[in-house]
Amino acid sequence: AGMTEQPLHASVVIPAYNASHTIAQCLTALAEQTVPQNTYEVIVVDDGSSDDTAAVAARHGALVLRQANSGPAAARNRGIDAARGEVILFTDADCAPAPDWIEQMLVPLADPQITGSKGVYRTRQRSLAARFIQVEYEDRYDHTAKHTYIDFVDTYAAAYRRDALVASGGFSTRFPFASVEDQELSFRLAGAGHKMLFNPRAVVYHQHPESWTHYARRKFKIGYWKTLVLRWHPDKAWRDSHTPSSLKVQLLLAALSAPLAVLSVLARPAAWWLLLDLAAFAASAAPFVLKAWRRDRPLAWLSMPALYLRAWSLGLGLVGGYVAVLLRQGPLAAHET
């Protein structure tokens, strides 16, 4: 990365925790970008790793900052403080940016009225779970592409003007784990009137969860911490530029299926209501299944149960989060106020 004393055009900030097995691939990709190396720097914030993440990052030429384990929100803020770039880009230690990633992330910011930009995930994995997750993201990207300006930017491929980040206070450290801290920041910036754009040409390759169990746990955690975001930004419960309306419908229908299944054992009419509920779920999922059929036909057969698993995992996380706040128990309740 560039080492001049003048401010750089861009700084890439990567929070890393026990990432020695992936960080080398990430940094190698960042060293092979289409933009000149003297126009950007790479900062790795080692978030209290117990492995040799910091040493691997240093060997690959990154500026390495170290801190006690405090979570990715605090790590990114540490990177923002140290960054010399006018624009700060974020990616994750398990991502490998495409060669033109920095170039593409900066394209929307050529317009001085634009504060931020968002890129996309791709994967080379072949497991069914990973392939489903990729189609799930592509479904969301199709939804995002319908918006002129976006309010939802994920930090696996994000770019912001540094002055806007500093003025906003950066990422909220009330999120102690990797969850939805990036959503909250982008909602806050959009609410303050900042304009952000989606650029599907800005690509990072990612290692999605390989197992359905890992996928379900991740969705549960997202739902759990999303309750904090929704308490701060209640309008986002109804609409944002990333979440298709079909997902909200599926959350409701999946939740209804449980009591209806119990009641159907006791009363036959309830069984008909259960069938109607499941039919409505299938109807809401049909566009996704058709999309999967066009992109990955073997996966299409698993899409319906996978979407049901997604709805249940997110829904249980949301319920768990609200219960934790009401009972003032658990990690979310400790960070809610």
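Going by the structure above, here's the rest.
Cut-offs and rules
Residues numbered from 1 in each chain as written. Predicted model: local features only at pLDDT ≥ 70, side-chain atom pairs only at ≥ 80, totals over all residues. Heavy atoms only, no water. Helix = DSSP H or I, 4+ residues; strand = E, 2+ residues; numbered from the N terminus. Rg over C-alpha atoms; globule rule 2.2 N^0.38 Å. Buried < 20%, exposed > 50% of the residue type's maximum accessible area, 1.4 Å probe, protein only. Contact = heavy atoms within 4.5 Å. Areas by Shrake-Rupley, 256 points an atom, 1.4 Å probe, with all protein chains shown as cover. Lys, Arg positive; Asp, Glu negative; His and termini not counted. Charge placed at Lys NZ, Arg CZ, Asp CG, Glu CD. Core = buried A, V, L, I, M, F, W, Y, C linked by side-chain atoms within 4.5 Å. Polar contact = N/O pair within 3.5 Å; in protein donor to acceptor, adjacent residues only side chain to side chain. 1 Å grid on protein atoms, 1.4 Å probe; cavity = no way out; pocket = protein on both sides within 12 Å on 5 of 7 lines; lining within 4 Å. Points joined across faces, edges and corners; volume = space filled by probe spheres on them. Nonpolar A, V, L, I, M, F, W, Y, C, P; charged D, E, K, R; others polar. Salt bridge = Lys/Arg side-chain N within 4 Å of Asp/Glu carboxyl O. Disulfide = S-S within 2.5 Å. Axes fitted to C-alpha atoms, helices over the stretch in contact; angles between N-to-C directions. Parallel < 35°, antiparallel > 145°, perpendicular 65-115°, else oblique. Left-handed = near helix turned anticlockwise from the far one by under 90°. Patch = residues over 30% accessible without salt bridge, like charges linked within 9 Å, V, L, I, M, F, W, Y side chains within 5 Å.

Within the protein chain one finds 12 helices and eight strands. For 337 residues, the compact-globule estimate of 2.2 N^0.38 gives 20 Å, and the protein chain sits close to it at 21 Å. Across its three principal axes, the protein chain shows a C-alpha extent of roughly 75 × 45 × 40 Å. Counting every position in the protein chain, which comprises 337 residues, the buried fraction comes to 53%. Relative to all contacts within the protein chain whose residues are 6 or more apart in sequence, the contacts with residues 24 or more apart total 78%. For the protein chain, the accessible area works out to roughly 15500 Å², and carbon and sulfur atoms hold 60% of it. For the protein chain, the separation between the mean place of its 34 positive charges and that of its 30 negative charges on side chains is 7 Å.

Formed by 72 residues in total, the largest nonpolar core has its most connected members in Ile 14, Leu 89 and Trp 101. Phe 187, Trp 225, Val 229 and Val 325 belong to the second-largest nonpolar core, a separate cluster that totals 11 residues.

Structurally, the position occupied by Ser 241 is in the loop between helix 8 (212-232) and helix 9 (245-266). Separated by 3.4 Å, the side chain of Ser 241 and the backbone nitrogen of Phe 152 make a polar contact. Here Ser 241 is in contact with His 143, Thr 144, His 147, Ile 150, Asp 151 and Phe 152, once residues within four sequence places are set aside.

Reported here for the second largest pocket is a volume of approximately 210 Å³. If you list the elements that add at least two residues to the lining of the second largest pocket, you get helix 5 (128-144), helix 9 and helix 10 (268-295). Residue composition of the lining of the second largest pocket, by class: three nonpolar, five polar and five charged.

Turning next to the pattern of salt bridges. One pass over the structure, following the stated rule, counts 15 salt bridges. For Asp 154, the salt bridge is made with Lys 118, and the minimal N-O distance between the two is 2.1 Å. Taken together, the positions of Asp 154 in the loop between helix 5 and strand 7 (158-161) and Lys 118 in strand 6 (residues 114-122) put the pair 36 residues apart, joining distant regions of the chain. Neither residue differs from the other here; Asp 154 and Lys 118 are each classed as buried. Between Arg 295 and Glu 138 there is a salt bridge, with the nearest N and O atoms lying 2.6 Å from each other.

As used in these notes, a disulfide is a covalent bond between sulfur atoms, one from each of two cysteines. Tallying each qualifying case throughout the model produces zero disulfides. Just so you know, Cys 26 is unpaired, no disulfide at all, and the nearest cysteine sulfur is the one on Cys 95, 6.8 Å from it.

With that out of the way, let us pick up the packing of helix 5 against helix 11 (residues 297-327). Running from N to C, helix 5 and helix 11 cross one another at 75°; their axes reach a closest spacing of 10 Å. Judged by the inter-axis angle, helix 5 sits roughly perpendicular to helix 11. Counted together, Leu 128, Arg 131, Phe 132, Val 135, Glu 136 and Arg 140 of helix 5 and Pro 298, Leu 299, Leu 302, Ser 303, Ala 306, Leu 307 and Arg 310 of helix 11 form the full contact between these two elements. Looking at the contact of helix 5 with helix 11, its residues break down into eight nonpolar, one polar and four charged.

The next subject is the packing of helix 8 against helix 11. Where helix 8 contacts helix 11, the axes come no closer than 7 Å and their chain directions differ by 45°. Compared by their axis directions, helix 8 and helix 11 come out oblique. For the pair helix 8 and helix 11, the crossing hand works out as right-handed. Partitioning the contact of helix 8 with helix 11 into residue classes produces 15 nonpolar, six polar and four charged.

With that out of the way, let us pick up a nonpolar patch on the surface. There is a patch of nonpolar side chains on the surface, built from Val 262, Leu 263, Val 265 and Leu 266 and spanning about 440 Å² of accessible area. For Leu 266, the position within the fold is in helix 9.

On the secondary structure map, Trp 312 appears in helix 11. The exposure class assigned to Trp 312 is partly exposed, which follows from its relative accessible area of 27%. In sequence terms Trp 312 and Phe 220 are 92 residues apart; their C-alpha atoms lie 8.4 Å from each other. Excluding anything up to four places from it in sequence, Trp 312 contacts Ala 254, Ser 257 and Ala 258.

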